[in-house]
Amino acid sequence: MMIEALIAVALVGALVTFVAPNRVAGKLAFAISLVPAALSLWMFSAFDGVGNALLEGDLAYESQYEWLELSEYTISWFVGLDGISMPLVVLTTVLCTLAIVSSWTPIDERESQFYGLVLFIEANLIGVFAALDFFVWFIFWEAVLIPMYLLIGVWGGPRRKYAAIKFFVYTNVASLLMFGAFIALVFALPEVTTFALPEIAAAMLAGGPEALFGVAGSTLASIVFVAMFLGFAVKVPVVPFHTWLPDAHVEAPTPASVLLAGVLLKMGTYALLRFNFTMFPDQVAAYSVPIAAIAVISVIYGAMLALAQTDLKRIVAYSSVSSMGYVILGLIAYTQFGVGGATFQMVSHGLISGLMFMAVGVIYNATHTRMVTDMSGLADRMPVAVGILVAGAFGYMGLPLMSGFYGEFTIFFGSFHSQLLEYAPLFTAAAMFGIVIVAGYLLFALQRTVFGPYRLETDYEVGRAPLHDVAPMFVLLGLIILLGVAPELIFEMITDAVDPIIGGEV
Amino acid sequence: MEGAFSYAPAIAAFPLVAFVVALAFGKYMPKKGALAGILATAGSLLLSVVMLVAVASGEVYHGTIYEWAVGDALTEVGADGIEFTFGILIDPLSALMLVIVSLVAFLVHVFSLGYMNGEGETGLPRYYAGLGLFTFSMLSFVLADNLLMAFMFFELVGLCSFLLIGFWFRTRSAPSAAKKAFLVTRFGDYFFLIGVVAIASTFGTLQFAGEESFVAAAETAIADGTTLFGFGPETWVTITGLLVLGGVIGKSAQFPLHTWLPDAMEGPTTVSALIHAATMVAAGVYLVARMFGYYAQSPTALSIIAFVGGFTALFAATMGVVKDDIKQVLAYSTISQYGYMMLGMGVGGYVAGVFHLMNHAFFKALLFLGAGSVIVLMHHEQDMWKMGGLKDKAPVTYWTFLAGALALAGIVPFSGFWSKDEVLYDALIVGLEQPVILAAYAMGLLAVFFTGFYTFRMVFLTFHGEPRTDTAENPHSVGWSIKFPLVVLGALALLAGVANLAPVAKLTGMDITYLEFWLDGEYGYVEGLTYHDYHELVAFEEGYISSETVTMLLGAGLSLGLAVAGAVTAHVLYNVPEPTRHTAKLGGAYDVLRSNYYQDEYQVWLAEGLTLPLARAADRFDQTVIDGVVNGVSTASLFGGDRVKRIQTGIVTNYAALLVAGFIALLLVLGFIGGWFL
């Protein structure tokens, strides 16, 4: 019942915050969000799951109730955690709490609705990572979109309507594609009478789908694989389905960006891992080269786009495209270090991109601009915030002893010796060039904004950032260093859950 | 871990503590964190000496202290698991390097008291925190027992250089130089990281020493003729070795990745001393020495190291000839001197390379701190043409600086002579059999003349002649914290050569090549990491002109003669009461040298003339084509959905209400079907 408790606290908290007066909403939401954060950390410390959730592993905090029947199919409330989802749940709860604190300064209208929506997102995100029945999972998956749509559309920047609708429609159309494909697959699988993901995975590995509507089973599996890959690719996002992301980020308020980059993007890679890379090993092998190519293009092209930007938030947004490319590379390597590193990178990138968006937000709060050309020498006025920004930037560049290095290194190592992927060393070396470009655009941006003589185009007085702006960044930085120094804290449980996926391969 | 070695982690931990203390409490402390740093580096120095003594008494240590990550990986040679660990390897090489690094770091901290604290500098806690982190990273790098740990601290060294070169961040030039230093070395580290990943994927281990090391695994693979990633084993060792060498070329500022180093003079002079003598730049060559057994198996890789080294030595020395800024001259001399070390390593002269690394650490730290002292004397003037006549006004600075200059120029009996001569001798005897190496040797030899010239040009312009400005007439005074490090290093610049008087030993037959004994397992040693182990691996033939003694005397005479000739030329041109530039004599060459062979221009062009426009083009493509398709699709579908227009009020809250209502309706329907409410 632990997972239900997590979701319930966040949901009830959302309702309470919704009706609370604006003036106390921020503090109230923070207090409420501490409950799931603390609870999930306790669950993490007491985690006793073994193996992979979909592949006959022992789940932690499992609960399953029959919910409803549609002809011969049963839909159940089925949740549980394994070594892949547990760290992501903790990432969600911790990041939500920190995002709430980071909203105190910038959000100054309709606070109760804003914080209520953040808690509502939190509840659904936990659901996405914990749900093991396709229907339940899909409800949470879709329900995440609504509050995010509103956070961007109501509290966003000047072009918020365009960005919000683009985000919503684009990801929703993708979801529709994925949903349709998956339902077709379930109908074609023999002897599957539930939407429970473990059962579907077992059926897929046992022999895959039978012919449906005159389409041969193996062809159907390939079609479904491609359709689902495209559906999730939008969410990740990979090039060329990424254009909604910078628009959404630029218009979104800081805390929404933190959650968007920190957790929402991981929904895409998480789903890829859970569905495509767990249920379709043959298709993974068959499409390994094009997928690896997409990964490399995402890394390099995303980084090049970041290099061309002059808006700090766009820089960080495009760099997310680049970083998620590494995740895809790790997944397609299909080795323990590759897939494990990709999962680690999801958590790590969640923390680091969260930190970067917060830091950019703090700068924006003080200067009311995000344009690189509008400012310089901010380190003179806000030394602590800039110090953390610099540390976060180096984390993004994959500085050793910070979590980003571990994620990237294990992905590179895992993909270099991949048995599945042809030309794996060449793909790896090509993707690795991202670590040079990322240093280029981040250092270039830092040089122009925070260093040099102090100058600001807008006429705001810039002073030290308030403690509650800086404190969440400190927490994130601490976590980033902690995971960089002691990655086994989560890597051990991750590899335990990854091993069954890659099966005989190592 | 037993005995003295149980204190080894503290060598690195002390400066880390100093970093934290200076960062968190520095501004409340009397000397803003300096004392914490001095105390910590003194502790590191003491413990490093303890390690040296332990090794001298025959002990070594190799052990893992922390498991970073463990996992399964099917590697090319068939191992099925890998451990990424942090471990400590204390053998003659690392023990020696620990003492060098901690000694220089300690002296730099002491010097900083006089150099940085004196002038109302703000940001001192940040400065001392940076020094502490720098020392910590470098000492951890030296202690590392495996390639990944070495890479990690190699990168952290790069971070620290960024922070310290950019210390004066309110200027425009310092942040730019800091960025350049990090970016250029990162470009090298890109290849290094591929090398690390490739070696791990090939052999399933990254250990430097022992049966389980990648060096031993490579030997086995070459002996067995195992195909590695589609290549023959020797070719693959060459490829991976050269990839790692990318990092070395970046950090040790070898051609073509040397361009960051002259710019790095934007940092405080103390930082330059630390970077050039004992930390960042030294890290590259130390890495070659640390995994020398790997390079020794690839004659191709060695030849490339030697050639790059010889070329860089000459290339940088010629640029040093026309610089006016005292720190710039020293910067180019650093590049050039590390070229010698690479040359030495590349011809299999492991002892010679390490010997020069050690001597250079002392005399280059001395010269930079001496230059720092001059800069204090001159009220922060660095142009040598505005100095002159400081000899009598600041005798301690002059005499110690002169000792460093004699060592740099390679004048007998100063330390630099002995090690540079040994490098050149090793290159010569291999060169007599290998034309490529002979070319490298010739470049190294020619560079000796230029080194003698620019070194003494610098000495004469700074200290001799008549004062050319009022500041030079009435210099600022310097305190004990500046003089003390100079005296210590001055003595070392004079005497450190005693460690390995190879020519004397050969002539007299005395057993006085202590450093060679040290690195060859006469004291404590680790199996496979000794000089004769390496010597057996290196496949180079050696040749002599008539006999070994004649070859040696000829080589020594030639290099000493060239060094003296360079110094004398400088004396004739610049040791006059009122020297002139004499640059017209160089003709068109002057512009080329002055512009550093246009190396910066083409690298800046690569970044700003090629990459940036490419990025902008990609951005335009992204905005117009890719996003255009997305928007086009949505416009087309919206056009089709014209009738839905009525609910498109454009008010976001209306959309929200519709969404929430729809969602609730969906849940209700599902609930009814499922019989939830019955």
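The residue numbering used here restarts from 1 in each chain and proceeds along that chain's sequence as written. The lettering of chains begins at A and the numbering of ligands begins at 1, in the order of writing. Thresholds applied to this predicted model are a pLDDT of at least 70 for local features of residues and 80 or more for the giving and counting of side-chain atom pairs; totals over whole chains, interfaces and linings are not thresholded and use all residues. Processing note: side-chain calculations cover all non-hydrogen atoms of the structure and skip hydrogens and water entirely.

With an unreviewed UniProt entry as reference, chain B is termed NADH dehydrogenase subunit L, source organism Natronobacterium haloterrestre. Regarding chain B, the relevant UniProt record gives this comment under Subcellular location (unreviewed entry): "Membrane". UniProt positions are given in the numbering used here, feature names are shortened, and annotations may be inferred rather than shown by experiment.

Under the annotation held in an unreviewed UniProt entry, chain A carries the name NADH dehydrogenase subunit M and is attributed to Natronobacterium haloterrestre. Its UniProt record, at the heading Sequence similarities (unreviewed entry), says of chain A: "Belongs to the complex I subunit 4 family." As stated in UniProt under Subcellular location (unreviewed entry), the record for chain A gives "Membrane".

(A) Examining the pattern of salt bridges more closely. Any Lys or Arg side-chain nitrogen found within 4 Å of a carboxyl oxygen on Asp or Glu counts as a salt bridge. For the structure on display, the rule yields 14 salt bridges over all chains. A salt bridge links B:Asp627 to A:Lys166, with the shortest nitrogen-to-oxygen separation between them at 2.6 Å. Taken together, the positions of B:Asp627 in helix H27 (residues 599-640) and A:Lys166 in helix H7 (residues 160-188) put the pair across two chains. When sorted by exposure, B:Asp627 lands in the same class as A:Lys166, which is buried. A:Glu457 is paired through a salt bridge with A:Arg455; the nearest N and O atoms lie 2.7 Å apart. In this description a helix means any DSSP run of H or I spanning at least four residues, a strand means any run of E spanning at least two, and both kinds are numbered starting from the N terminus. Each residue's exposure class comes from its accessible area (1.4 Å probe, protein chains only) as a fraction of the maximum for that residue type: buried when under 20%, exposed when over 50%, partly exposed otherwise.

(B) Geometry of the environment of A:Thr410. Residues and elements named next belong to chain A. One can find Thr-410 in helix H17 (residues 403-416). Residue classification places Thr-410 among the buried residues on the basis of a relative accessible area of 0%. Measuring from C-alpha to C-alpha, the distance between Thr-410 and Val-296 comes to 16 Å, with 114 residues separating the pair along the chain. Not counting chain neighbours up to four residues away, the residues in contact with Thr-410 comprise Phe-337, Gly-338, Gly-341 and Phe-491. Within 3.5 Å is the distance limit for a polar contact, defined as a pair of N or O atoms, with the added protein rule that one can donate a hydrogen and the other accept it, and that residues adjacent in sequence qualify only through two side-chain atoms. A distance of 2.6 Å separates a polar atom in the side chain of Thr-410 from the backbone oxygen of Tyr-406. Any pair of residues with heavy atoms lying within 4.5 Å of one another is described as a contacting pair.

(C) Spatial organisation of the confidence of the model for chain A. Per residue, pLDDT captures the predictor's confidence, and it can take any value from 0 to 100. Residues with a pLDDT of 70 or more make up 99% of chain A, whose mean pLDDT is 91. Summarising per-element confidence for chain A, the mean pLDDT is lowest in strand S1 (residues 60-70) of chain A (86) and highest in helix H3 (residues 85-103) of chain A (95).

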